[in-house]
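Breakdown of the fold
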Amino acid sequence: MPCQECKFGWILTPQGAKPCECKRIAQREKLIEKASIPARYRHCTIDNYHPQGSPESNYFLSQATAKIIAARVISEFPTEQGLLLQGHCGVGKTHLAVGILHSLIDRNMEAGLFCDLTALFTKIQSTWNPHSSDTTLDILTPILQSPYLVLDELGGVRTTQWSQDLLMQVVNARYTANLLTIITTNYLDTEAGSAEILTDRVGERIRSRLKQMARPVQILGTDYRSSRESPRL
Ligand SMILES: [Zn+2]
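Attention in this report is confined to the structure presented alongside it.

Side note on the pairing of strand β1 (residues 10-13)
Each regular strand carries side chains that alternate between the two faces of the sheet. Alignment of β1 against strand β2 (residues 16-19), held across four bridges, turns out to be antiparallel. When the bridges of β2 are listed, T13 appears paired with G16.

Right under this line is the structure:
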C-alpha cells in the first residue's frame, strides 16, 4: 500500500525533496530482518530492560549498572570494542545485547548481526558434508565483517579444539578490525562449589583473549548462589 504522506517515498518541501519517514521505517525493517534476531528477542530494547528485585539488592544494582553500561556503549559507539555479559539464566543478558544491536541499527542505519554460537558451530559442521553448497567462509564472512555482532551463549556447548580455533579466529579478526562484539555467557569466572566456570567451557586461551578485548559485565540474578545478599525476612 502506498504511503499516504508521500506516495513515492519523497516529500517536497520549500527546501527541496526530502526522504519520507516511511522510507526510513521500511529500510529499518529490512536491516532488523538482516540482523537475524530471534523472534523471542525482537521486542528487546535498552529502555524496556527493567532490573528485577528490591532496589537495594545486589542483583538489582548489578542489573541497573549493566543497563547503564549498555546505554553508554550505544552513545559512545564506536569507542567500546567488546562487552562480555556474564550471568546465570534469566538476568537479561541477551535482552541487553539485542537492545544494543537495535539501537545501533536505528542510529547508524547499518545492519548488525545476532549469532547463536551453538547454531553457528552446527552450521559450520554441516558444510563439511560434501553435498553442502555453503562453505565455511560463506558462513563466517558476515560474522567477521558485521560492524556490531552479538555472540550469544558462549560456553553453551563445551568447546573442542576446532571450535576454540574458530572462536579465536572470529574474536581476533574482529578485534584487529576494531569491530564491536557483544558476547553473552551463562558462565562466570568464579563459582561457589564445583560449578563450572567460563574457562572450563571455552578454555584458557579464549578466556584470556576476551580479557584483553571485552569489558566484563557481571549481571546477578535472584538465584545467584554466591551472592552476599542475605535473604530479607
Ligand atoms: Zn511516505
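After that view of the structure, there is still more to cover.
Details of the environment of V73
Here V73 shows up in helix α2 (residues 58-75). It is 16 Å that separates the C-alpha atoms of V73 and Q218, two residues lying 145 residues apart in sequence.

Observations regarding the nonpolar core
In this structure, L85, L101 and V150 are the most contacted members of the largest nonpolar core, which totals 42 residues. It is helix α3 (residues 93-108) that contributes the most residues to this core, seven residues altogether. If we skip the residues at most four places from it in the chain, L85 touches A66, K93, L96, A97, I182, I183, T184, V217 and I219.

Quick word on the packing of α2 against α3
To characterise two packed helices, one gives the angle between the axes of the helices and the distance between these axes. Relative to each other, α2 and α3 sit at 25°, their axes nearing to 9 Å. Relative to α3, α2 is oriented roughly parallel. Crossing of α2 over α3 shows right-handed handedness. Residues A66, K67, A70, V73 and I74 of α2 pack against L96, G99, I100, S103 and L104 of α3. Within the contact of α2 with α3, the residues separate by chemical class into seven nonpolar, two polar and one charged.

Side note on unusual backbone geometry
Look at the link from F77 to P78: it is a cis peptide, with omega at 5°. Secondary-structure assignment places P78 in the loop between α2 and β3 (82-86). The backbone of S36 shows a phi angle near 55°, a positive value even though the residue is not glycine. Within the secondary structure layout, S36 lies in the loop between α1 (21-34) and α2. Positive phi outside glycine occurs at M109, with the angle close to 50°.

Quick word on helix α6 (residues 161-176)
With 16 residues, α6 extends 22 Å from end C-alpha to end C-alpha; this agrees with the ideal 22 Å at 1.5 Å per step. Those residues of α6 lying buried are S163, L167, V171 and R174. Projection of α6 onto a plane perpendicular to its axis shows the buried side chains occupying an angular sector of 65°, all on one side. Facing away from the buried side of α6 by over 90 degrees, the exposed positions are Q161, W162 and T176.

With respect to the environment of A214
Here A214 shows up in the loop between α8 (204-213) and β7 (215-218). Looking at A214, the number of C-beta atoms within 10 Å reads 21, which means it is buried. Once the C-alpha coordinates of A214 and Q161 are considered, the two residues, 53 residues apart in sequence, prove to be 22 Å apart. Excluding residues that lie within four positions of it along the chain, A214 makes contacts with G82, L83, L84, T181 and I183.

Some thoughts on the packing of α6 against α8
Contact geometry of α6 with α8 gives a least axis separation of 10 Å together with a crossing angle of 15°. Relative to α8, α6 is oriented roughly parallel. Here the hand of the crossing between α6 and α8 comes out left-handed. Facing α6, whose interface residues are Q164, L167, M168, V171 and Y175, α8 presents R205, I206, R209, L210 and M213.

Digging into the sheet that holds β7
Reading across the sheet, the five strands line up as β4-β5-β6-β3-β7 and stay open at both edges, with parallel pairing between neighbours. Two strands close off the open sheet at either side, each with one partner strand: β4 (113-116) and β7. Taking the axes of each pair of neighbouring strands and ignoring which way they run, one obtains an average angle of 15° across the sheet. As defined by bridge partners, strand β5 (residues 148-154) adjoins strand β6 (residues 180-185) across five bridges and the pair is classed as parallel. Bridge pairing links L149 to T181 in β6.

Definitions and cut-offs
Residues numbered from 1 in each chain as written. Predicted model: local features only at pLDDT ≥ 70, side-chain atom pairs only at ≥ 80, totals over all residues. Pairing = 2+ DSSP bridges. Helix = DSSP H or I, 4+ residues; strand = E, 2+ residues; numbered from the N terminus. Core = buried A, V, L, I, M, F, W, Y, C linked by C-beta atoms within 7 Å. Buried ≥ 20, exposed ≤ 12 C-beta atoms within 10 Å, placed from the backbone. Contact = placed C-beta atoms within 7 Å. Axes fitted to C-alpha atoms, helices over the stretch in contact; angles between N-to-C directions. Parallel < 35°, antiparallel > 145°, perpendicular 65-115°, else oblique. Left-handed = near helix turned anticlockwise from the far one by under 90°. Nonpolar A, V, L, I, M, F, W, Y, C, P; charged D, E, K, R; others polar. Expected span 1.5 Å × (residues − 1). Arc of directions from axis to C-beta.

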